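Structure at a glance
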Amino acid sequence: MSFVKNARFLAARGARLAQSRAYSDEMKLTFAAANKTFYDATVVRQIDVPSFSGAFGILAKHVPTLAVLKPGVVQVVENDGKTTKYFVSSGSVTVNEDSSVQVLAEEAHNIADIDVSEARQLLSKYQSQLSSASDDKAKAEAAIAVEVAEALVKAAE
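Residues numbered from 1 in each chain as written. Predicted model: local features only at pLDDT ≥ 70, side-chain atom pairs only at ≥ 80, totals over all residues. Heavy atoms only, no water.

For the protein chain, an unreviewed UniProt entry supplies the name ATP synthase F(1) complex subunit delta, mitochondrial and the organism Drosophila madeirensis. Looking at the protein chain in UniProt, the text filed under Subcellular location (unreviewed entry) is "Mitochondrion inner membrane". (UniProt positions renumbered as here; feature names shortened; annotations may be inferred.)

Put into structure tokens, the structure is as follows:
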């Protein structure tokens, strides 16, 4: 088969696949952590998430995606326009073909519930642990704790 025939074949196949997908005009969000379920298949307008490949926004009909969350802020814009922000320590986000989204966090808290001074104290504590760590394992654990605490302070400010 020539290159041109292959290209036509792939283009036609891609068009048929796109037409057959069941993209929805609504986006249903399930957002949970070990400590709480924030949304359970709730229809929302937009979700903004921090990932290791970069922060990105999700709307209905978003391309299916799987990403690892990094410490930071997940912002949810509900259909009425109300915006709520949550701090996540880590986790994953999955965007499905049917426009359903799952955000599963190791730990998550509403930004409004975070005390900035306590977050700064945590950061100071973990920075001290990092500077006094004696082996590679302790240094790695302390570095992760510092990264999360820095993101927590930034989110709370």
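So, next bit.
For the rest of this paragraph, the subject is the environment of His-109. Assignment of secondary structure puts His-109 in strand β9 (residues 108–110). We classify His-109 as partly exposed; its relative accessible area is 32%. For the pair His-109 and Ala-33, spaced 76 residues apart in sequence, the C-alpha to C-alpha distance is 8.8 Å. Leaving out residues up to four positions away in the same chain, His-109 has contacts with Asn-35, Phe-38, Lys-85, Tyr-86 and Phe-87. There is a polar contact of 2.9 Å between the side chain of His-109 and the side chain of Glu-107. (Helix = DSSP H or I, 4+ residues; strand = E, 2+ residues; numbered from the N terminus. Buried < 20%, exposed > 50% of the residue type's maximum accessible area, 1.4 Å probe, protein only. Contact = heavy atoms within 4.5 Å. Polar contact = N/O pair within 3.5 Å; in protein donor to acceptor, adjacent residues only side chain to side chain.)

This part covers the pattern of salt bridges. Evaluated as defined, the whole model comprises 2 salt bridges. Between Arg-120 and Glu-157 there is a salt bridge, and its shortest N-O distance comes to 2.7 Å. Here Arg-120, found in helix α2 (residues 116–132), pairs with Glu-157, found in the segment after α3 (136–156); they are 37 residues apart in sequence, far enough to count as distant. When its relative accessible area of 44% is taken as the criterion, Arg-120 is described as partly exposed. Of the charged contacts, one joins Glu-141 and Lys-137 as a salt bridge, the two residues approaching to 3.9 Å between their closest N and O atoms. A residue pair is termed a helical-turn pair when its members lie 3 or 4 positions apart in one helix, as Glu-141 and Lys-137 do in helix α3 at 4 residues. Judged by relative accessible area, Lys-137 falls into the exposed class, the value being 60%. (Salt bridge = Lys/Arg side-chain N within 4 Å of Asp/Glu carboxyl O.)

What follows is about the packing of aromatic side chains. Inspection of every chain in the model, using the stated rule, returns 4 aromatic pairs. With centroids separated by 5.0 Å and ring planes inclined at 35 degrees, the aromatic side chains of Phe-31 and Phe-38 adopt a geometry described as tilted. Of the two residues, Phe-31 and Phe-38, both sit in the buried class. Look at Tyr-39 and Tyr-86: their rings are 6.1 Å apart centre to centre, the planes differ by 85 degrees, and that puts the pair in the edge-to-face class. Taken together, the positions of Tyr-39 in strand β2 (residues 37–49) and Tyr-86 in strand β6 (residues 83–88) put the pair 47 residues apart, joining distant regions of the chain. Comparing Tyr-39 with Tyr-86 shows no difference in burial state: the two are buried. Cluster of aromatic residues (ring-pair linked, three or more members): Phe-31, Phe-38, Tyr-39 and Tyr-86. (Phe/Tyr/Trp six-rings, centres within 6.5 Å; stacked < 30°, edge-to-face > 60°.)

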